[in-house]
Amino acid sequence: MARLAGRRALIAVPVLLVVTFGVFAAASPFDPVRAYGGTAVLGADQETLDRLRANLGADEPFALRWWDWLTRAAAGDLGDSSVMRQPVTEVIGERLVWSTLLCAVAFGIAVLVGTLAGVLAARRPGSWFDRTVTSLAYSLEAAPVFWVALLAIWLFALQWDLLPAGGLTDTGDEQVSAGQVLSHVILPAGVLAVAQLPWFALYVRQGVGDALAEDPVRGARARGLSERTVLLGHALRSGLLPVLTLIGSRVPELITGALLVETVFSWPGIAAATVEAATSVDFPLLAALTTLATVAVLAGNLLADLLYGLADPRVELSEL
């Protein structure tokens with residue numbers, strides 16, 4: 001396990017180098033000075049613009065700016081955000097905890113509910129429950145997450161007045177309490193979970209359904225074992241193996257969905273910072289957020305491989 005993690009860490013280094021270099025290369029045609037100053041720089045003379053560009057470090061070639069950011073980032077200094085007017089580490093630190101909370105709750109709901117629905121659907125193929133789960137899953141797969149978010153706000157916040165429409169706390173409250181965070185996270189986490197749930201339900205349904213038709217499971221039934229033992233002890237373990245690989249592949253979609261959900265629900269995560277960094281060509285913040293997302297994807301793939309190797313003794317971790 002340690003060797004696998006070490007190999008993946010070595011592979012991650014060139015990946016992160018390419019990703020961060022691509023961020024600086026893609027943003028190089030844009031002038032951060034005009035994005036930073038807005039309309040205030042329209043009447044500024046060239047000397048003022050050049051001085052501002054030098055202060056922002058935008059007067060150097062993008063490759064040099066990338067190397068300077070990379071060497072400082074390796075030492076723990078991610079630079080200062082020009083649009084947020086504070087160090088990048090503070091910008092990320094203030095928002096990452098709320099994005100992590102949202103993603104963790106949503107992913108946990110999606111895995112648990114999707115697995116349960118998939119197992120119950122696979123237990124009786126062709127039943128009304130199986131057809132309902134399958135139809136809903138395919139429908140939700142095609143539904144854009146922002147549309148589901150707006151529909152949830154209209155239904156649960158405006159029509160039924162059951163849950164708050166957005167934010168982290170109620171309007172006017174200055175203190176962040178656990179109760180308010182819990183009530184405000186239900187709706188955005190539920191929407192994000194709905195966007196992820198269909199994949200787990202369909203994968204579990206297919207995997208458990210195939211496992212129920214295998215000879216070892218048929219042999220367990222022939223020996224007189226209870227249906228519960230056959231389902232949970234034999235079919236479920238075999239049928240869940242493909243789902244473990246799905247965990248890593250859903251991380252990019254989870255991050256993208258979280259950005260949209262945070263924007264719709266005004267959730268104080270990294271979505272607003274990402275949008276500001278992209279529109280204002282904030283090199284340090286944009287590079288740090290992109291690196292963070294890349295690390296999350298690589299970590300998700302590593303976790304999926306480790307879980308797969310632990311769940312299936314036939315798989316050698318050294319071969320992954």
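Because the structure is a prediction, the values reported are computed rather than measured.

A.B. asks: Would you take a moment to explain the pattern of salt bridges for this structure?
C.D. replies: Any two side chains of opposite charge can pair, given that their charged atoms come close. Evaluation of the coordinates by the stated rule reveals four salt bridges. The shortest N-O distance in the salt bridge between D77 and R72 comes to 3.7 Å. For R72, a relative accessible area of 27% gives the class partly exposed.

A.B. asks: I keep staring at helix 6 (residues 128-142) and nothing clicks. Help me out?
C.D. replies: Residues three or four positions apart in an α-helix share a direction because the helix packs 3.6 residues into each turn. For helix 6, which comprises 15 residues, the first-to-last C-alpha distance of 22 Å matches the rise-based estimate of 21 Å (1.5 Å per residue) to within 8%. By the burial criterion, the buried members of helix 6 are D130, V133, T134 and A137. All buried residues of helix 6 fall inside an arc of 95° around its axis, so they share one side. Opposite the buried face of helix 6, by more than 90 degrees, sit the exposed residues W128, L136 and A142. In this fold, the buried residues of helix 6 make contact with helix 5 (88-123) and helix 8 (178-212).

A.B. asks: I would appreciate a short explanation of a nonpolar patch on the surface in the present structure.
C.D. replies: A contiguous nonpolar patch, built from F146, W147, L150, L151, W154, L158 and L260 and spanning about 730 Å² of accessible area, is present on the exposed surface. The element best represented in the nonpolar patch is helix 7 (residues 145-159), accounting for six residues. In this structure, W147 sits in helix 7.

A.B. asks: Explanation requested: the environment of V83 in the structure shown.
C.D. replies: With respect to the element layout, V83 can be found in the loop between strand 1 (80-81) and strand 2 (86-87). In contact with V83, not counting residues within four places along its chain, are E276, S280, D282 and L285.

A.B. asks: Looking at this structure, how should I read the packing of helix 7 against helix 8?
C.D. replies: Axis angle and axis distance: for two packed helices, these are the angle between their axes and the distance between the axes, and together they describe the pair. Packing of helix 7 against helix 8 leaves a shortest axis separation of 10 Å and a crossing angle of 140°. Classified by the angle their axes make, helix 7 and helix 8 are oblique. Viewed along their axes, helix 7 and helix 8 form a crossing whose handedness is right-handed. Residue-level contacts link V145, V148, A149, A152, I153 and F156 of helix 7 to L187, V191, V194 and A195 of helix 8. Of the residues contributing to the contact of helix 7 with helix 8, the split by class is 10 nonpolar, no polar and no charged.

A.B. asks: In this structure, what is going on with the packing of helix 5 against helix 6? I would like to understand it.
C.D. replies: Taken N-terminus to C-terminus, the directions of helix 5 and helix 6 make an angle of 135°; their axes are 8 Å apart at the nearest point. Between helix 5 and helix 6, the interaxial angle falls into the category oblique. Here the hand of the crossing between helix 5 and helix 6 comes out left-handed. Residues A117, L120 and A121 of helix 5 form the contact with helix 6, whose own contacting residues are F129, D130 and V133.

A.B. asks: What's the story with the nonpolar core in this structure? I'm lost.
C.D. replies: One broad rule of soluble globular proteins: the nonpolar side chains tend to lie buried together. Judged by nonpolar contacts, the single largest core of 48 residues is most densely connected at V191, L192 and V208. At the level of secondary structure, the elements contributing two or more residues to this core comprise helix 5, helix 7, helix 8, helix 9 (215-222), helix 10 (227-239), helix 11 (241-249) and helix 12 (251-265). Judged by nonpolar contacts, the second largest core, of 21 residues, contains F24, I270, A277 and A288.

What counts, and at which threshold
- Residues numbered from 1 in each chain as written.
- Predicted model: local features only at pLDDT ≥ 70, side-chain atom pairs only at ≥ 80, totals over all residues.
- Heavy atoms only, no water.
- Salt bridge = Lys/Arg side-chain N within 4 Å of Asp/Glu carboxyl O.
- Buried < 20%, exposed > 50% of the residue type's maximum accessible area, 1.4 Å probe, protein only.
- Helix = DSSP H or I, 4+ residues; strand = E, 2+ residues; numbered from the N terminus.
- Expected span 1.5 Å × (residues − 1).
- Arc of directions from axis to C-beta.
- Contact = heavy atoms within 4.5 Å.
- Patch = residues over 30% accessible without salt bridge, like charges linked within 9 Å, V, L, I, M, F, W, Y side chains within 5 Å.
- Areas by Shrake-Rupley, 256 points an atom, 1.4 Å probe, with all protein chains shown as cover.
- Axes fitted to C-alpha atoms, helices over the stretch in contact; angles between N-to-C directions.
- Parallel < 35°, antiparallel > 145°, perpendicular 65-115°, else oblique.
- Left-handed = near helix turned anticlockwise from the far one by under 90°.
- Nonpolar A, V, L, I, M, F, W, Y, C, P; charged D, E, K, R; others polar.
- Core = buried A, V, L, I, M, F, W, Y, C linked by side-chain atoms within 4.5 Å.

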